[in-house]
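Observations on the model geometry
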Amino acid sequence: MSLIKLSTSEEFKQAVSENEKLFLLKNSTTCPISHAAFQEYQNFAAEQDKPIFYLNVQEARPLSNEIAENFGVKHESPQALLFEKGEVKWDASHYSITYSSLSEQLGK
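Only a predicted model underlies this, so the values are computations on that prediction, with no experimental measurement involved.

Concerning helix 2 (residues 32-46)
A rise of 1.5 Å per residue sets the reference length of helix 2, with its 15 residues, at 21 Å; its end C-alpha atoms lie 21 Å apart and thus fit the reference within 8%. The set of residues buried in helix 2 consists of S34, A37, F38, Y41, F44 and A45. Take helix 2 and look down its axis: the buried residues cluster within an arc of 120 degrees, on one side only. In helix 2, the exposed residues that point more than 90 degrees away from the buried face are P32 and A46. Elements in contact with the buried residues of helix 2: strand 1 (3-5), strand 2 (21-27), strand 3 (52-56) and helix 4 (99-106).

As structure tokens, then:
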């Protein structure tokens, strides 16, 4: 399935309410590490049958900050988050964001 870009708090809240399990990548459009993580995330998303979400930190800084504050997860970029039933169950950053690490979370 394709990636869905989130930009606003409302879009994020709707995505969380409509998906029991939700992957979100906080991505920087100017960082080479983020670029590598985004490629891994895209490969993962291509094999999923549910929506996979991302946000670009430069374009959605208020949303990125809101997520960090509301869920008590220190902001990093790149950062992958797995939400289950509206709570953060897993997060990874930088080179820990791999196809393998994302796939492992599906089995849990």
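From this point on, the discussion continues.
Considering the sheet that holds strand 1
Taken together, the five strands give an open sheet; going across it, the order is 1-3-2-4-5, and neighbouring strands pair in mixed fashion. Two strands in the sheet have a free side with no partner beyond their single neighbour: strand 1 and strand 5 (87-93). Adjacent strand axes in the sheet meet at a mean angle of 25 degrees, parallel and antiparallel pairs treated alike. Of the pairings in the sheet, the one linking strand 2 to strand 4 (residues 79-84) comprises six bridges and is antiparallel in character.

What counts, and where the lines are drawn
Residues numbered from 1 in each chain as written. Predicted model: local features only at pLDDT ≥ 70, side-chain atom pairs only at ≥ 80, totals over all residues. Heavy atoms only, no water. Helix = DSSP H or I, 4+ residues; strand = E, 2+ residues; numbered from the N terminus. Expected span 1.5 Å × (residues − 1). Buried < 20%, exposed > 50% of the residue type's maximum accessible area, 1.4 Å probe, protein only. Arc of directions from axis to C-beta. Contact = heavy atoms within 4.5 Å. Pairing = 2+ DSSP bridges. Axes fitted to C-alpha atoms, helices over the stretch in contact; angles between N-to-C directions.

Purely spatial values, then, with no claim about function.
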